[in-house]
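What the coordinates show
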Amino acid sequence: MSSRIAQIRLVSSHPEVYEPCDDSFALVDALLADRKNLLEHQPTLCLELGCGSGYVITSLALIVGQEAHYIATDINPHAVRVARETLEAHGVHAELITTNIASGLEKRLAGLVDVIVVNPPYVPTPEDEVGHEGIASAWAGGENGRSVIDKILPVADNLLSEKGWLYMVTLTENNPSEICLQMKEKGYASRIIVQRLTEEENLQIIKFWRDFDSQLEAKGMVANKTVSSRVMESLLSQFHIMPFLRGSNKQQ
Amino acid sequence: MRLLTHNMLSSNIKGVTNGFPLRIEIEKVVEKQVDFNADFLRNMFPKIEWKALVGAARTLGYVELPEEVEPSRLDSEDFLRKFHHALLELHLEEGALVCPETGRRFPVSKGIPNMLLHEDEV
Ligand SMILES: C[S@@+](CC[C@H](N)C(=O)[O-])C[C@H]1O[C@@H](n2cnc3c(N)ncnc32)[C@H](O)[C@@H]1O
């Protein structure tokens, strides 16, 4: 079985499109680390939000195979064109749409998507830098880097199928344990698939999936404080071990 | 843009209640061969708005899809091949998608629809 991913020399580029970087590589490493599960999962519809150069969606299509259908969006019209070239250079297909997150897809795709991957703009910046034209919108994440992430999460929740999975890149400054707790309240379990310390950033790739226990606890949480603090403890313990994993990819 | 994508898109303009299906304006259509996969088609079938697919395929000049379809047809390879062709092989390469309620055009260029809204449409 091959585990091909996109090749950098075949990734197309444009001065205003985000080039694959440590965060992109960490996300693809997470998909590779979870490859066996992905293949068993047999997704029908896969979606990338904010595809940039197309490096990640191309890799996902190579890992999972052309039995699934792929859709990728980006708010930057240059990015989707570059992504199209990257996909073609690898002989795989994804449907591309220029749009804000998944606007235009949310009605019909609700509850239909089996895998969503996102490497969002996560860098803490002044709020007014978010969503600007050009390359800055590739990283500008507003306060705590959470502006776009906090818009993406409810959209992902709406689009994911019952068996749906979400893989998302976060930075420690995004407060990932709080993100996991918020998702827990929507009925999702979560796990860090890859964590990586680069020279500048401490990155996590988190996988979310709908979980019956989480859904029950989520309902109980309103009335039951102890459940909520237990959830918090287990989440925090997950994040606590991270400093010891410096630089290495740890498959959990 | 495959017709599958057309089947998944609706007008996202604020206030629009009847934004599906988007009308198709054609400048250029291309056909691209895609490997036939019966399982994928059976999985996709329940997710498809059939009437919208029939209408879109007609607009692109493909009239082989039946107006109405019983799920039992999914056992027929002849039917699946037609469904496959309409859903995956017909591409709107250049043209536009038009909001059925407001007439707003969303351009399709190099096979990529642009659904970005102006400030006053959000
Ligand atoms: C950190 S880059 C990741 C690019 C690519 N997925 C990768 O991993 O290399 C974030 C991408 O999200 C896009 N983006 C930012 N805000 C967006 C939004 N509101 N809707 C869709 N895409 C957005 C940017 O244009 C950029 O391409």
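Quick notes on the rules
- Residues numbered from 1 in each chain as written.
- Chains lettered and ligands numbered in written order.
- Predicted model: local features only at pLDDT ≥ 70, side-chain atom pairs only at ≥ 80, totals over all residues.
- Heavy atoms only, no water.
- UniProt positions renumbered as here; feature names shortened; annotations may be inferred.
- Helix = DSSP H or I, 4+ residues; strand = E, 2+ residues; numbered from the N terminus.
- Rg over C-alpha atoms; globule rule 2.2 N^0.38 Å.
- Buried < 20%, exposed > 50% of the residue type's maximum accessible area, 1.4 Å probe, protein only.
- Contact = heavy atoms within 4.5 Å.
- Areas by Shrake-Rupley, 256 points an atom, 1.4 Å probe, with all protein chains shown as cover.
- Axes fitted to C-alpha atoms, helices over the stretch in contact; angles between N-to-C directions.
- Parallel < 35°, antiparallel > 145°, perpendicular 65-115°, else oblique.
- Left-handed = near helix turned anticlockwise from the far one by under 90°.
- Nonpolar A, V, L, I, M, F, W, Y, C, P; charged D, E, K, R; others polar.
- Near = heavy atom within 4 Å.
- Polar contact = N/O pair within 3.5 Å; in protein donor to acceptor, adjacent residues only side chain to side chain.

Chain B is annotated in an unreviewed UniProt entry as Trm112p-like protein from Prunus persica. UniProt annotates chain B under Sequence similarities (unreviewed entry) with the comment "Belongs to the TRM112 family."

An unreviewed UniProt entry lists chain A under the name Methyltransferase small domain-containing protein, with Prunus persica as the source organism. Turning to chain A, the UniProt annotation filed under Subcellular location (unreviewed entry) states: "Nucleus". Listed under Sequence similarities (unreviewed entry) in UniProt, the entry text for chain A is "Belongs to the eukaryotic/archaeal PrmC-related family."

What follows covers the overall build of chain B. Assigned secondary structure in chain B consists of four helices and four strands. Starting at the N terminus, the α and β elements of chain B follow one another as α-β-α-α-α-β-β-β. Computed over the C-alpha atoms, the radius of gyration of chain B is 15 Å, within 12% of the 14 Å expected from 2.2 N^0.38 for a compact globule of 122 residues. Each principal axis of the C-alpha atoms in chain B carries an extent, and together these give about 50 × 30 × 20 Å. Evaluated residue by residue, chain B yields a buried proportion of 52% over its 122 residues. In chain B, 68% of the contacts between residues at least 6 apart in sequence involve partners at least 24 apart. Carbon and sulfur atoms make up 45% of the accessible area of chain B, which amounts to about 6,000 Å² in all.

Helix packing geometry: the angle between the two helix axes and the distance between the axes. Residue and element names in this part refer to chain A. Where helix 6 (residues 147–159) contacts helix 7 (residues 176–185), the two axes come as close as 11 Å, and the packing angle between them is 20°. Here helix 6 lies roughly parallel to helix 7, going by the angle between them. The two elements helix 6 and helix 7 cross, and the hand of that crossing is right-handed. Counting all contacts with helix 6, which are made through Ile 149, Asp 150 and Leu 153, the residues of helix 7 involved are Ile 179, Gln 182 and Met 183. Its residues assigned to classes, the contact of helix 6 with helix 7 shows four nonpolar, one polar and one charged.

The positions that UniProt labels "domain: Methyltransferase small" (unreviewed entry) are, in the present scheme, residues 42–170 of chain A. For the annotated span residues 42–170 of chain A, helix accounts for 31% and strand for 25% of the residues, and the straight-line distance between the end C-alpha atoms is 26 Å.

Residue and element names in this part refer to chain A. In the vicinity of the ligand there are 19 residues, among which Ser 24, Asp 74, Asn 100, Ile 101 and Asn 119 approach most closely. In the environment of the ligand, an oxygen atom lies 2.7 Å from a nitrogen or oxygen atom belonging to the side chain of Ser 24. At a separation of 3.5 Å, an oxygen atom of the ligand approaches a polar backbone atom of Gly 52. In the complex, 96% of the free accessible area of the ligand, which totals 600 Å², lies under the protein chains. Among the residues making up the shell around the ligand, the classes are represented as eight nonpolar, eight polar and three charged.

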